[in-house]
Amino acid sequence: MSNLQLSGCRTTTTLSSLFHGNNPFSIGRGNVRFCRKIVRVYAMSSNDSNFKMNLNEYMVTLEKPLGIRFALSADGKIFVHALKKGSNAERSRIILVGDTLKKASDSSGGKFIQIKDFGDTQKMRTEKTGSFSLILERPFSPFPIQQPHHFSDLDILFNRGRMPIATWNKNILVSNLKMNSEGGGNTGFVVFSSKFLTSQGWELLDDLNGHAQSQSQKNVLSPPMNKLVCIFSEEEPGDGDWAHGSFPLEEYIKALDRSKGELYYNHSLGMHYSKITEQIYVGSCIQKESDVETLSDVGVTAVLNFQSGIEAENWGINYKSINESCQKFNILMINYPIRDSDSFDIRKKLPFSVGLLLRLLKKNHRVFVTCTTGFDRSPACVIAYLHWMTDTPLHAAYNFVTGLHSCRPDRPAIAWATWDLIAMVESGSHDGPATHAVTFVWNGHEGEDVSLVGDFTGNWKEPVKATHKGGSRFEVDVRLSQGKYYYKFIINGQWRHSTASPTERDDRGNVNNIITVGDTASVRPSIQQHQKDANIMKVIERPLTENERIMLAKAARCIAFSVCPIRLSPK
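Residues numbered from 1 in each chain as written. Predicted model: local features only at pLDDT ≥ 70, side-chain atom pairs only at ≥ 80, totals over all residues. Heavy atoms only, no water.

## Describing the overall build of the protein chain
When helices and strands are tallied, the protein chain shows 13 helices and 27 strands. Counting every position in the protein chain, which comprises 571 residues, the buried fraction comes to 50%. For the protein chain, restricting intrachain contacts to residue pairs at least 6 apart in sequence, the fraction spanning at least 24 positions comes to 73%. For the protein chain, the accessible surface area stands at approximately 26,700 Å², while carbon and sulfur atoms represent 48% of it. (Helix = DSSP H or I, 4+ residues; strand = E, 2+ residues; numbered from the N terminus. Buried < 20%, exposed > 50% of the residue type's maximum accessible area, 1.4 Å probe, protein only. Contact = heavy atoms within 4.5 Å. Areas by Shrake-Rupley, 256 points an atom, 1.4 Å probe, with all protein chains shown as cover.)

## Quick word on the packing of aromatic side chains
Within the structure shown, the criterion is met by nine aromatic pairs. Between tyrosine 273 and phenylalanine 368, the ring centres sit 6.4 Å apart and the planes meet at 80 degrees, which makes this aromatic pair edge-to-face. On the criterion of sequence distance, the pair formed by tyrosine 273 in strand S13 (residues 273–275) and phenylalanine 368 in strand S17 (residues 367–370) is long-range, its members being 95 residues apart. Of the residues examined, phenylalanine 368 reaches a relative accessible area of 0% and is grouped as buried. Ring geometry for phenylalanine 456 against tyrosine 485: centres 5.7 Å apart, planes inclined by 90 degrees, an arrangement best described as edge-to-face. Taken together, the residues span a long stretch of sequence, with phenylalanine 456 in the loop between strand S19 (450–454) and strand S20 (464–465) and tyrosine 485 in strand S23 (residues 483–491) at a distance of 29 residues. Here the two residues phenylalanine 456 and tyrosine 485 agree in accessibility, since each one is buried. (Phe/Tyr/Trp six-rings, centres within 6.5 Å; stacked < 30°, edge-to-face > 60°.)

## A closer look at helix H12 (residues 411–425)
Look at H12: 22 Å from first C-alpha to last across 15 residues, which is about the 21 Å you get at 1.5 Å a residue. Within H12, 11 of the 15 residues are buried, which leaves it mostly tucked inside the rest of the structure. Those residues of H12 not exposed but buried are Ala413, Ile414, Ala415, Trp416, Ala417, Thr418, Trp419, Asp420, Leu421, Ile422 and Ala423. Contact partners of the buried residues in H12: helix H9 (343–362), helix H10 (377–389), helix H11 (394–404), strand S18 (436–443), strand S27 (536–539) and helix H13 (546–560). Its side-chain oxygen 3.1 Å from the backbone nitrogen of alanine 413, aspartate 410 forms the N-cap of H12. Where H12 terminates, the next one or two residues include serine 427, which has phi positive at roughly 60 degrees. (Expected span 1.5 Å × (residues − 1). Polar contact = N/O pair within 3.5 Å; in protein donor to acceptor, adjacent residues only side chain to side chain.)

## Things to note about the sheet that holds strand S21 (residues 467–470)
Picture the strands of a sheet paired through backbone hydrogen bonds; they go either parallel or antiparallel. Taken together, four strands build an open sheet; the order of strands is S21-S22-S18-S27 and the sheet is antiparallel. Here the strands that pair on one side only, and so sit at the sheet edges, are S21 and S27. The average undirected angle you get between the axes of adjacent strands in this sheet is 25 degrees. Alignment of S18 against S27, held across four bridges, turns out to be antiparallel. Note on S27: the bridge partner recorded for threonine 439 is isoleucine 536. (Pairing = 2+ DSSP bridges. Axes fitted to C-alpha atoms, helices over the stretch in contact; angles between N-to-C directions.)

## Details of the nonpolar core
Judged by nonpolar contacts, the single largest core of 53 residues is most densely connected at Leu304, Leu357, Tyr385 and Trp388. In this view, leucine 304 contacts Ile334, Ser353, Leu356, Leu357, Leu360, Val367, Phe368, Val369, Thr370 and Cys381; residues no more than four positions away in its chain are not counted. Ranked by size, the runner-up nonpolar core spans 22 residues in total, among them Leu62, Ile115, Phe132 and Leu136. (Core = buried A, V, L, I, M, F, W, Y, C linked by side-chain atoms within 4.5 Å.)

## Focus on the pattern of salt bridges
Counting across every chain of the model gives 19 salt bridges. Aspartate 340 serves as the salt-bridge partner of arginine 377, at 3.8 Å between the closest nitrogen and oxygen. Taken together, the residues span a long stretch of sequence, with arginine 377 in helix H10 and aspartate 340 in the loop between strand S16 (332–335) and H9 at a distance of 37 residues. The shortest N-O distance in the salt bridge between arginine 473 and glutamate 475 comes to 2.7 Å. (Salt bridge = Lys/Arg side-chain N within 4 Å of Asp/Glu carboxyl O.)

## Points about the confidence of the model for the protein chain
Residues with a pLDDT of 70 or more make up 66% of the protein chain, whose mean pLDDT is 74. No element of the protein chain has a lower mean pLDDT than strand S1 (residues 2–6), which averages 33, and none a higher one than S17, which averages 98. Confidence over residues 1–50 falls short of pLDDT 50; this stretch has 127 contacts with residues more than four positions distant or in other chains. Across residues 161–226 the pLDDT falls below 50, and counting only partners more than four positions away or on other chains, this stretch makes 145 contacts in the model. (pLDDT = per-residue confidence, 0-100.)

## Overview of H10
With 13 residues, H10 should cover 18 Å at 1.5 Å per step; its first-to-last C-alpha distance of 18 Å lies within 8% of that length. Aspartate 391 lies just past H10 and shows a positive phi near 60 degrees.

## Here we look at the state of the cysteines
Inspection of every chain in the model, using the stated rule, returns zero disulfides. Cysteine 371 supplies the cysteine sulfur nearest to cysteine 407, a cysteine that is in no disulfide, at a spacing of 9.3 Å. Taking relative accessible area as the criterion, cysteine 407 reaches 10% and is therefore assigned buried. (Disulfide = S-S within 2.5 Å.)

## Some points on the environment of arginine 408
Its place among the elements puts arginine 408 in the loop between H11 and H12. Counting along the chain gives 32 residues from arginine 408 to aspartate 376, while the straight-line C-alpha distance between them is 5.7 Å.

## Overview of the side chain of histidine 436
Within the secondary structure, histidine 436 is located in strand S18. Leaving out residues up to four positions away in the same chain, histidine 436 has contacts with Trp416, Trp419, Val478, Arg479, Leu480, Gln482, Val517, Gly518, Met537, Lys538, Val539 and Ile540.

## Re the side chain of serine 325
Residue position: serine 325 is located in helix H8 (residues 319–328). Take serine 325: its relative accessible area is 6%, and that puts it in the buried class. Excluding residues within four positions of it along the chain, serine 325 makes contact with Glu289 and Val292.

## A closer look at the packing of H10 against H12
Between H10 and H12, the least distance of the axes is 11 Å, while the angle of their chain directions is 40 degrees. Compared by their axis directions, H10 and H12 come out oblique. Between H10 and H12 lies a crossing of right-handed hand. Counted together, Ala380, Ile383, Ala384, His387 and Trp388 of H10 and Ile414, Ala417, Thr418 and Leu421 of H12 form the full contact between these two elements. (Parallel < 35°, antiparallel > 145°, perpendicular 65-115°, else oblique. Left-handed = near helix turned anticlockwise from the far one by under 90°.)

## Concerning the packing of H9 against H12
Here H9 crosses H12 at 45 degrees, and the two axes come no closer than 8 Å. In terms of their interaxial angle, H9 and H12 are classed as oblique. Handedness of the crossing formed by H9 with H12: right-handed. Between H9, through Ser343, Ile346, Arg347, Leu350 and Pro351, and H12, the contact on the second element is made entirely by Ala413, Ile414, Trp416, Ala417, Asp420 and Leu421. A breakdown of the residues in the contact of H9 with H12 according to their chemical character gives eight nonpolar, one polar and two charged. (Nonpolar A, V, L, I, M, F, W, Y, C, P; charged D, E, K, R; others polar.)

See the structure below:
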């Protein structure tokens, strides 16, 4: 157990790492989700014998003033909308924008109060001194960035901390909300529509949130809706510099442009899928028995699942009931776990994944390929299948799948796996055009004359001069084909090897640096221990030559037909 004691706050929790650096909430290109790590919380003493916490909940005790602005959403959740700069909440370095407030208690030893309504926060908002223990839930999808609307004078006052509450329409709130002043129209960060004021409006909102979608709409990945009813803070007068995540207001607005096109997985929206071909469907994970029935209704007879058992457990998925439901509807379930957001694991396991898919299709199954989000592992498998088995260029296969299904698969991992397959046929090397771009790095002293020489530079006869990148860093960019290479650096006329990269002694006793470009695919991929290497290697995606296409098809089918057709496992 790790006890974190900070000024103005007290946190008791066991965790590996809840944040990174000073910017735990990052928004930008390539960021699809955040805080995927599961937090185990050790709760401080409480008189509530029924005190329970989920794996993704944590508890923090803060002194007043807290420095948290909360928001009430139309679906009844109260979550962190902003943190005041320099406040106790910000200094805790654990609370993030988007965390949902689940329970609260003062430090007098009273029971935790379940936060179900705005009125449940009244004591926390009105007390001037003391400390409060908060239980918050870390979501599995990031807080949505929303475009701020035009600001009125009241809005400006609110954003400077001089108004504790801003609302769209006080009549929407059935709680004991008591406003200090009237709202100013379109305040805050989203507009709340009056059409949701009636009971029919609430039903419509519920439908839009994905809880009552028709069967025909299930293959459409709906954007998450989280309409805000009001935003509020404790009654603390005076100016305040509020930040959204780690962003001041101006940076928050700029982040909106950077985040356009990003994908946010909302588990509460349920299973979503898209039809890619007559035999292939791709989508997010099966969450309940009714999802199996939905797949059966569209003719699915096999499921290829890349979600691990621990991953499913963390999401609250009952694997046993889903497997029983699959048996009931005569659907074959194949589980082949691939680590989420792990490019290396995807690369190594992709050939066998495609082999499983091919064997299922050969047995005339209609296959649902799935992972947790449906954004990465499952579409990567389908793209690789189209590329390797149907001779479709990688860019065409990628555009085809992403055009039918909202996803962002790891394209470089597919390219890496492609060259690994070709190298398998060529016994680990490749005689064709370059497959990888390698940056060789020498860290020496400023002012040195540095060159790179190796068996790939005219057989040690044609040194390549390095470029000084500043300080002690020198770099040489070389494009190489798959294979094993030896090299050294020439420093001011002296041949030297780098101690920051792997070495190997030759037959004459000379110590040379060694680099292995790429790898070979295998039915049973082994995860080798990573060697320290200062060099940087990137895969090259290019059109395949005729010979490469033939070797790729041969290698991919070799992997596929090493799968036993009865048990669908390696022979």
